[in-house]
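Coordinates in review
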Amino acid sequence: MFEIFVCDDDINITEFLKFFIMKHFGDESKVVTMNRCCELIGMVEMNEHVPDVLIMDINLKDGNGIDTVKHLQKLYPKLKVIYLTGIINYATAIFETNPSYFLLKPINENTLCDAITKVKKEIEQDKSDSVVIRTNGSESILYRRDIMYIESQGRKLILYMSDGKRNEIYEKMDIFQNQLGGSFIRSHKSFLINMKYIIERTNKEFYLSDGKVLPISKPNLKEAKIKFISYLGEE
């Protein structure tokens, strides 16, 4: 079931959105409406319940929709958001929350359908791109596209992420490489690189977009060269 939260302080708008969402996506969707930021925050925090997508007004009587989304994304960073508003003057603040779509009031039925369809596709892409890691007895979901490279240190693998964060897991490099699939290249017994972030290759090193330089070992040179050239051709 695809769950959608709609938050707007105008009950006519929330009912309008619910009606057309159910009209076009009713067989596979559940819509929950609310009219206050505090109501939304309470539902997410107290019930630890997060929707597949949040349709969020920006100016509500009890708060700012963008600030509310920022708060919720601290708990659930992957929360998908569609903003709606009657005025366009929030561009910078909005994009700090990485919205999937922006709807301008009055809302058009077809545009609403386009927005939800886009988010559904994003979620399907995220699922196919996700990998589960286990650390300290808990499980986390990462996206392959966000992993820049992996370094093997003893029994641990260090995952270097595109946002500068690091994740440590206990796993063998060969096993984890099989989980990640074909967009990663083994340049060295200790390094596995996401080719998306490679900007230059020599016979000895790969240069990454963040300035990092990683070695290519002689045993891995031929395969690394062939795989990277093939990747560039596909791009």
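A few points on the structure. (Residues numbered from 1 in each chain as written. Predicted model: local features only at pLDDT ≥ 70, side-chain atom pairs only at ≥ 80, totals over all residues. Heavy atoms only, no water.)

**Section: the overall build of the chain**
- Each helix and strand in the chain was counted, giving seven helices and 17 strands.
- Taking the principal axes of the C-alpha coordinates as reference, the chain spans close to 65 × 40 × 35 Å.
- When burial is assessed residue by residue, the chain has 43% of its 235 residues classed as buried.
- At a minimum sequence separation of 6, the contacts of the chain that also span at least 24 residues come to 51%.
- Element-wise, carbon and sulfur atoms account for 49% of the exposed surface of the chain, whose accessible area totals about 13,300 Å². (Helix = DSSP H or I, 4+ residues; strand = E, 2+ residues; numbered from the N terminus. Buried < 20%, exposed > 50% of the residue type's maximum accessible area, 1.4 Å probe, protein only. Contact = heavy atoms within 4.5 Å. Areas by Shrake-Rupley, 256 points an atom, 1.4 Å probe, with all protein chains shown as cover.)

**Examining the sheet that holds strand E17 (residues 213-215)**
- Within the open sheet, the three strands sit side by side as E15-E16-E17. Their pairing is antiparallel. Where the open sheet ends on each side, the last strands, each with one partner, are strand E15 (198-201) and E17. On average, each strand axis in the sheet is inclined to that of its neighbour by 25 degrees, with strand direction left out of account.
- Where strand E16 (residues 205-208) lies against E17, three bridges are found, and the strand directions are antiparallel. (Pairing = 2+ DSSP bridges. Axes fitted to C-alpha atoms, helices over the stretch in contact; angles between N-to-C directions.)

**A short note on unusual backbone geometry**
- Note the cis peptide between Lys105 and Pro106, where omega equals -5 degrees.
- Among the structural elements, Pro106 can be located in the loop between strand E7 (101-104) and helix H5 (109-129).
- You will see that Asn98, though not glycine, has its phi angle at about 50 degrees, which is positive.
- Along the chain, Asn98 turns up in the loop between helix H4 (91-95) and E7.

**Notes on the packing of aromatic side chains**
- Scanning the model with the defined rule gives five aromatic pairs in all.
- Ring geometry for Phe19 versus Phe20: centroids 5.0 Å apart, planes at 85 degrees, classification edge-to-face.
- With relative accessibility at 52%, the residue Phe19 sits in the exposed group.
- Accessibility expressed as a relative area gives 14% for Phe20, which makes it buried.
- Aromatic side chains Tyr149 and Phe191 sit 6.4 Å apart centroid to centroid with 45 degrees between the ring planes, which places their arrangement in the tilted category. Of this pair, Tyr149 sits in strand E10 (residues 147-153) while Phe191 is found in strand E14 (residues 191-194), placing the two residues 42 residues apart along the sequence.
- Owing to a relative accessible area of 12%, Phe191 belongs among the buried residues under this scheme.
- Taken together, the ring pairs connect Phe16, Phe19 and Phe20 into an aromatic cluster.
- In this arrangement the basic side chain of Lys120 is found over the ring face of Phe2, its NZ or CZ atom lying 4.3 Å from the centre.
- Note that Arg145 overlies the ring of Tyr143, its terminal NZ or CZ placed 4.4 Å from the centroid. (Phe/Tyr/Trp six-rings, centres within 6.5 Å; stacked < 30°, edge-to-face > 60°. Lys NZ or Arg CZ within 6 Å of the ring centre and 35° of its normal.)

Shape is all these values report; function is a separate question.
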